[in-house]
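Coordinates in review
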Amino acid sequence: MKRLTKGICALFFFFVIIISCQKKEQIAPVPQSAPQLKTVEKTPPKAPFIPRADSVISADQLHAWVACNPLLDSLTLFYQDSFKTKSPEKLLKYQQDFSLAQEKICELKELPGGYEEYLWILKNMGNPKNKRLCDSLHIGTN
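The sections below set out a description of the structure shown in this document. (Residues numbered from 1 in each chain as written. Predicted model: local features only at pLDDT ≥ 70, side-chain atom pairs only at ≥ 80, totals over all residues. Heavy atoms only, no water.)

**Some thoughts on the overall build of the protein chain**
The helix and strand inventory of the protein chain stands at five helices and zero strands. Along its sequence from the N terminus, the protein chain presents helices and strands in the succession α-α-α-α-α. Looking at the protein chain residue by residue over its 142 residues, the buried ones come to 21%. Considering only residue pairs separated by 6 or more positions, the protein chain has 68% of its internal contacts joining residues 24 or more positions apart. Taken as a whole, the protein chain presents about 12000 Å² of accessible surface, with 62% of it coming from carbon and sulfur. (Helix = DSSP H or I, 4+ residues; strand = E, 2+ residues; numbered from the N terminus. Buried < 20%, exposed > 50% of the residue type's maximum accessible area, 1.4 Å probe, protein only. Contact = heavy atoms within 4.5 Å. Areas by Shrake-Rupley, 256 points an atom, 1.4 Å probe, with all protein chains shown as cover.)

Pasting the structure below:
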């Protein structure tokens, strides 16, 4: 038992010596007069969505539109309780966050025109020029 106690004490002192001998890096204090810089990532302004004059939807646009749907639906469910707030400040903030999230979802799913392009596709699905494309993806338009 004494031997075990001596071993533990020796090990303890060994670690204390190792830890105390390690060189500590000195960090220079920041002068009080130095301005605090905030790094804000600025996203480059996106090009405005310019709809086609003939209202024809491309296959890539329709595929991206389909990919956006479940995410946009989930986003709506996620925010539905937030929009019931009585606070006008919170409501405005939630609406801004919701709109920004809609834009991000559309852009991430390859709709560079964002939510505006998503709505344009939705509006023009009923155009007879787009019927064959919508039918090929089994998208019903009424």
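**A look at unusual backbone geometry**
A positive phi angle, close to 65 degrees, is found at Ser 55, a residue other than glycine. By the element assignment, Ser 55 lies in the loop between helix 1 (2–21) and helix 2 (59–79). You can call Ser 55 buried: its relative accessible area is 16%. Backbone geometry at His 138 places phi at a positive 60 degrees, although glycine is not the residue there. By secondary structure assignment, the location of His 138 is in the segment after helix 5 (131–136). Classification of His 138 by relative accessible area gives exposed; the value is 73%.

**Let's talk about the packing of helix 3 (residues 88–108) against helix 4 (residues 114–124)**
As a packed pair, helix 3 and helix 4 sit with axes 7 Å apart at the nearest point and diverge in direction by 75 degrees. Viewed along their axes, helix 3 and helix 4 adopt a mutual orientation that is roughly perpendicular. Facing helix 3, whose interface residues are Gln 102, Glu 103, Cys 106 and Glu 107, helix 4 presents Gly 114, Tyr 115, Glu 116 and Tyr 118. (Axes fitted to C-alpha atoms, helices over the stretch in contact; angles between N-to-C directions. Parallel < 35°, antiparallel > 145°, perpendicular 65-115°, else oblique.)

**A short note on the pattern of salt bridges**
As enumerated under the stated definition, the model contains four salt bridges in all. The salt bridge involving Asp 54 is made with Arg 52; its shortest N-O contact spans 2.9 Å. A relative accessible area of 29% places Asp 54 in the partly exposed class. A salt bridge links Lys 93 to Asp 97, with the shortest nitrogen-to-oxygen separation between them at 2.9 Å. With a gap of four residues between them, Lys 93 and Asp 97 both fall in helix 3, about one helical turn apart. A relative accessible area of 45% places Lys 93 in the partly exposed class. (Salt bridge = Lys/Arg side-chain N within 4 Å of Asp/Glu carboxyl O.)

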